[in-house]
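A structural walkthrough
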Amino acid sequence: MHAIKQFFYSNNSQINVGLLLTSLILLLAILGPWLAPYAAQEMVDARYSLPQAGIALGTDYLGQDVFSRVLHGGISIVWMSIASALLGLVLGVVLGLVAGFFKGRVDQVIIWTADIFLAFPHLILVLLVVSMLGRDKWLIAITVAIAFVPGVIRLTRGLALSISKHEYIEVAEMMGYPHHQILLREILPNILTPLLIHLGTMLSWSVALLSGLSFLGYGVAPPEADWGLMVNENKGGLQIQPFSILVPILLIALFALGTNLLAEGFGRKFSRINESTEVSEHA
Amino acid sequence: MLNQLHVQPQASLALEVKNLDVSLNDGTAIVSDISFTVLAGQILALVGESGSGKTTIATALLAHTRHGARIVHGEVNVAGLNVLRLDQEALRQVRGKQVSYVPQNPSTALNPLITIRSHLADVLRSHEPGLDVAQQQASIVNALKEVELPHEDAFLHRYPHQLSGGQQQRVLLALSFITRPSVIVLDEPTTALDVTTQAKVLLTVKKLCQHYGVAAVYVSHDLAVVKKIADHVIVLYGGRIAEKASATALFSRPLHPYSQGLINAIPDIHLHTIPVPIIGNAPSLQSRGAGCVFEPRCKRAKLECKTSMPALEPLSAREDHAVACINLPAHAPQLKIIRSTGPASSRVLVLGSQQPLLEVKHLSASFDGKQVLKDISFHLKKGECLALVGESGSGKTTISRAIAGLNAQALGSLYFNGQALALAARGRSAAFSHQIQYIFQNPYQSLNPRQTVRQTLLNTVRHYFPSKLKDSHEVVAAALKRVALDPRIADSFPKELSGGELQRVSIARALVCEPSLLICDEITSALDVSVQAAILELIKSLQRNGLAIIFVTHNLGIVRSISDRVLVLKHGRIVESGEVDTLLDQPRQPYTKELINDSPSIVDI
Amino acid sequence: MQNLELKDFSSVTPEQISLPATAGPIDRGLAEVTEHSSPLPSHVRKKGIISTNLLKWIAKRTLSSILGLFVISMLVFVATQALPSDPARVILGPEASEEATQILRHQLGLDQSLVTQYLHWIKPALVGDFGISIDSKMPVVNLIAGKVKNTLILLGLTLLVLIPAAFTIGIYLALHKDALLDRLAISFLIFVKAVPSFAIAYGLVMLLSTLVFNIFPAVSLIQANQSVWSQLQFMVLPMLTLVLSSLPYLVRLIRGSLIEVLQSDFIISAHLRGLSRTQIIWKYAIPNAVIPAIQAIALISSVLLGGALVVEVVFAYPGIGSALNAAVDIRDIPVIQAVVVFLASGVMVINLLADVVTVLLTPKLRTA
């Protein structure tokens, strides 16, 4: 009982579980293609056969081995989600810093544009672009990143604005430090923690977004194996061969959960640290 | 005027605190062994610097502790009840009814979503549920009258944010007095207010306590304020009572080395001496040892002080004066605080004919569409210390920020060494900008938390004097020594340093720029009195070495002790200016007179 | 879909995140208004709840929303009409002859300048005419009107369940902060938040309509000619999915903001004045915690508006999401344009409403 309590109260257990899940899925996705007993498009049995010897998770709507397709189908979503989250962060941070530090006209233009883009729900924006420009993987990743940018801009700008009120930024301003030095040396290090936490959150969004896109049929194109796509392909067999849907869903959920837990854990850990320094100041 | 108020002849015991101990949940003591009594109609002041536990004691009187702390044992007796022994409902009935509390920060202590009337009505509904609407209204009107607030409906229907700080604090007073409690606890209620407002609020408190026979516990860090209001004083240090005495006795014959140090550390408007700092810092909760808490900072400390905790001993059975010190001098000298009249010896003489270092001509500025500075002109000579004085909103900080080039909206002209100076810091060449340095009020945000002291200093050196970087070690060590810091702290991050140390690092950063003008914006207001004195001493010594100083402050005591000349500001205009002693001793403008009169002082006039 | 954590209050400390979230358009806008009109002296009592400044602000805010809508319509138009893909080619497929695509291009007006094309499109759109669907040859408006209604009913039902549930759970957890139940609930919410909504949908299908229990229909076989209200059993699963996918965010926001309020000075002062716990919680704490929740509800509503797409597809629910999905599939550009503009305007309207309600509920902003 005490151990259970300990587990749910500790931020470290969140981080540990998050780390474990994320790295497991990463390993599975990267090493999967080498470990798979069959090729992704190899027919091994009748459609929707249940698990049996040699076909651990049964077959899918075409009679392909679900287990092999699961092992083949992780790599796209993993690299695409990481790439889009990172790209979204970098673009958003640059624009947000510029907006928050230079204020005035520049700020108004950037934040106004960001607000306009915020009126498009992520999925709609991505769907719109993908349907018009095609489903190239890099294109999808970049579009997802762009969908994230307005949110990152708002976050970064808010943080930069609150940091710019601090006197050490005014000192730098007064001494005439070059702008890039103020942005990179004085402001950025002090807002990095919430930004990294946001990166974790974006990572879990992009997992959901990309798998949702595949599920709708606009992501990875068949016959390639992909977890989100597998759910779509096999939805007709839900009652006959649930493993063909259940396993990819589970893996997507675990990856999203892992990244989420990392973001949560670090977020709480750092906010806890901030709290405790505050308490000691008042004491 | 206060003395003429009627004092009840036989005051009864209203509050009795016995052996109160409050600790953190892990057992670390915050305050220990606190015992005192307050008679009805009297005001007891709890005085101490940060970490002394004064606020902890104040809230413990209502059986409340902050999160993570608990009352270990002790008794708080109010009207025959031990407040610490009550169940939740009984305690609720006592809070606000028998013992009420006036919090520190009026701007956050009121519910922003409900009106003033609602606040008052809620208290009445909780403690006097029998009142009908008319009685309730009468009671509310009366409570507002007592604290000298308007009481018409329009005022009652205002929200907290529509009131000034002083009015908010008066509403909190009304909330505390409306139930006619026997004890009222005031937790630094005037710290956030201007001097004039503070003086008026204090007067109201004193009047109400005497009129209704309410016993008050007044928590403060400011001895001068305490002198104005308190009958008895308890000096706290490191969670223990250092000295307990009547106000008269404490200010005429302080016995504890800490009390003496504290009194000597106060810059006072009526004293021409430079305040003397107490060396060192207040101890953290964890670093308190077995011996006297004050021992590490005590000049009189003996070996014995390290090992044994001094008990609070009364001087004699007759006297109400007790001290916790084992090393009292046999004949404690009467502390003589004499109001001197001549100019202080510390004044730096300034030659009248030399060219001014800084000239400010027709400076004006606006903020949010409102004009906050109107046509300000003055000048400053080399090596001179000029004080800018005024209440909040007077424009004193705006002037100093404009000189530093931090105000984008400023208009007017500045001349430095006879040459025109750009109004924006970005428009100034490095040759100019290194000469004008600025120290901010809040030391906790003046240094980049992600850089060590060394990095902070070296970044500055790299910016202005890259050639000096080759012996960076010496540069850093010398800079720290100049502000009396141990060079070993060079590799500390700001969060590892105390407020006083941080302020010294900020000064060191300014000094490596080799400035000729240092602008100090209320640089000591976030610091304890004993630390403040040390910073003032440092600034004075820098001035003696030829640095010109602009010192922004609301504290006339500081003005007297360090400045040569003064500008008095009100609503963005210069009201009066002149040589410091002349201006403070023979003020001509009514506003200046009012400021001087309302300044709390430890000297009897 | 899961982008409702854009202003996630839970993963970042409140003071950091509340800046971009609450000091956003509201504060800025109001500051701009007050800047130009000299504020009334504070002793002048304003008549009525709504001051002239406030009316000015609402007008300004509405105007900027309308302006935003025009920009959005341009963006949508450019994205659908002018991106390097050729709609005519897209419609006819790669096998069509160059001549046929040329004719279609002319029919669609694609050979005209972009500005002319936009004006041709936006003028009738202003009075609700978004052209003719390429696929069904029906006016777009007729095609999507019923679907819009279905989606709005689904969202309305979702909010009707979501808001009371989130408030009840959030307030309960805040008042029992750090109890084991609180911790367990938080862990569960983190888990649910992480799962993509189509996965939640399939989880519910497996649990409630196929493998474990068989209570609700797995697919919405809603009859278009009957009222939705008579077919509520088809709504349960889509609604439940949407509720579950947005519950974590709202619950944690309410919990977090109530905890923060409960620790604030004015709550402690109220305790020390001897006010009863019930009074403090209901009159002092909760109203102050509700205000940030308004922005959160707005955020969730707008996310649901877009996120309903996936859920509608899973349950074959005849809403605007499935319509968009189908239109994107066959590149029915007039339908895509109309739906996307509708969704974006929906988001704009929701944000506008939330800002106005927030201002009306906050005395400080209201009287500014």
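Preceding this section is the structure that the text describes.
Below or above, wherever it landed, is the structure these notes cover. (Residues numbered from 1 in each chain as written. Chains lettered and ligands numbered in written order. Predicted model: local features only at pLDDT ≥ 70, side-chain atom pairs only at ≥ 80, totals over all residues. Heavy atoms only, no water.)

**Regarding the overall build of chain A**
Worth spelling out the cut-off: Helix and strand assignments follow DSSP, with helices taken as H or I runs no shorter than four residues and strands as E runs no shorter than two, numbered in order from the N terminus. Partly exposed residues are those whose accessible area sits between 20% and 50% of the maximum for their type, while under 20% is buried and over 50% is exposed, using a 1.4 Å probe and protein chains only. We call two residues in contact when some of their heavy atoms are within 4.5 Å. Accessible surface is estimated by sampling points in the Shrake-Rupley manner with a 1.4 Å probe; for residues, cover comes only from the protein chains shown. Neither His nor the chain ends contribute to the count of charged residues, in which Lys and Arg are positive and Asp and Glu negative. Where a charge lies is defined by one atom per residue type, namely NZ (Lys), CZ (Arg), CG (Asp) and CD (Glu).
Summing up its helical and strand segments, chain A has 11 helices and zero strands in all. Sequence-ordered secondary structure for chain A, helices as α and strands as β, is α-α-α-α-α-α-α-α-α-α-α. Seen through its C-alpha atoms, chain A measures out along the principal axes to roughly 75 × 55 × 30 Å. Buried positions account for 59% of the 283 residues belonging to chain A. The contacts of chain A with a sequence gap of at least 6 include a subset with a gap of at least 24, amounting to 72%. Of the roughly 10800 Å² that chain A leaves accessible, carbon and sulfur atoms contribute 70%. Of the charged side chains in chain A, 15 are positive and 18 negative, and the gap between their average positions amounts to 4 Å.

**Quick notes on the interface of chain C and chain B**
Size of an interface: often given as the accessible area lost when the parts come together. The condition that has to hold: The working definition used for a salt bridge is a side-chain nitrogen of Lys or Arg within 4 Å of a carboxyl oxygen of Asp or Glu. Pairs of N or O atoms are called polar contacts if they sit within 3.5 Å, as long as, within protein, a hydrogen donor faces a hydrogen acceptor (for residues adjacent in sequence, only side-chain-to-side-chain pairs).
Across the contact, 27 residues belong to chain C and 33 residues belong to chain B. Across the chain C-chain B interface, the total number found is one salt bridge. Linking Lys283 of chain C and Asp122 of chain B is a salt bridge whose minimum nitrogen-to-oxygen distance equals 2.9 Å. Taken together, the links from chain C to chain B amount to 12 residue pairs in polar contact (both at pLDDT 80 or more).

**Considerations on the sheet that holds strand S15 (residues 385-389) of chain B**
All names here are of chain B. What counts, and what does not: Should DSSP find at least two bridges between two strands, the strands are taken to pair. Where helices are involved, their axes are fitted lines through C-alpha atoms of the stretch in contact, as for all axes, and angles between N-to-C directions lie from 0 to 180°.
Spatially, the six strands line up as an open sheet ordered S18-S19-S20-S15-S21-S22, and their pairing is mixed. Since the sheet does not close on itself, it has two edges, and those belong to strand S18 (436-439) and strand S22 (573-579), each with one partner. Each strand of the sheet is rotated relative to its neighbour by a mean of 15°, with strand direction disregarded. Along the sheet face, helix H12 (residues 396-403) touches S15, S18, strand S19 (517-521), strand S20 (548-553) and strand S21 (565-570) and points at about 150° away from the line of S20. Helix H20 (residues 590-598) contacts S15, S21 and S22 of the sheet and is inclined by roughly 105° relative to S21.

**Here's the deal with the pattern of salt bridges**
Taken as a whole and assessed by the stated rule, the structure comprises 31 salt bridges over all chains. Residues Arg157 of chain A and Asp107 of chain A are paired through a salt bridge, measuring 2.6 Å at the closest nitrogen-oxygen approach. Taken together, the residues span a long stretch of sequence, with Arg157 of chain A in helix H7 (residues 137-164) and Asp107 of chain A in helix H5 (residues 104-118) at a distance of 50 residues. Accessibility expressed as a relative area gives 8% for Asp107 of chain A, which makes it buried. Here Glu576 of chain B ties to Arg588 of chain B by a salt bridge, and the two come within 3.9 Å at their closest N and O atoms. With a gap of 12 residues between them, Glu576 of chain B in strand S22 and Arg588 of chain B in the loop between helix H19 (580-585) and H20 connect regions that are remote in the sequence. When its relative accessible area of 6% is taken as the criterion, Glu576 of chain B is described as buried. The structure contains a network of salt bridges with shared partners spanning Glu264 of chain A together with Lys193 and Arg252 of chain C.

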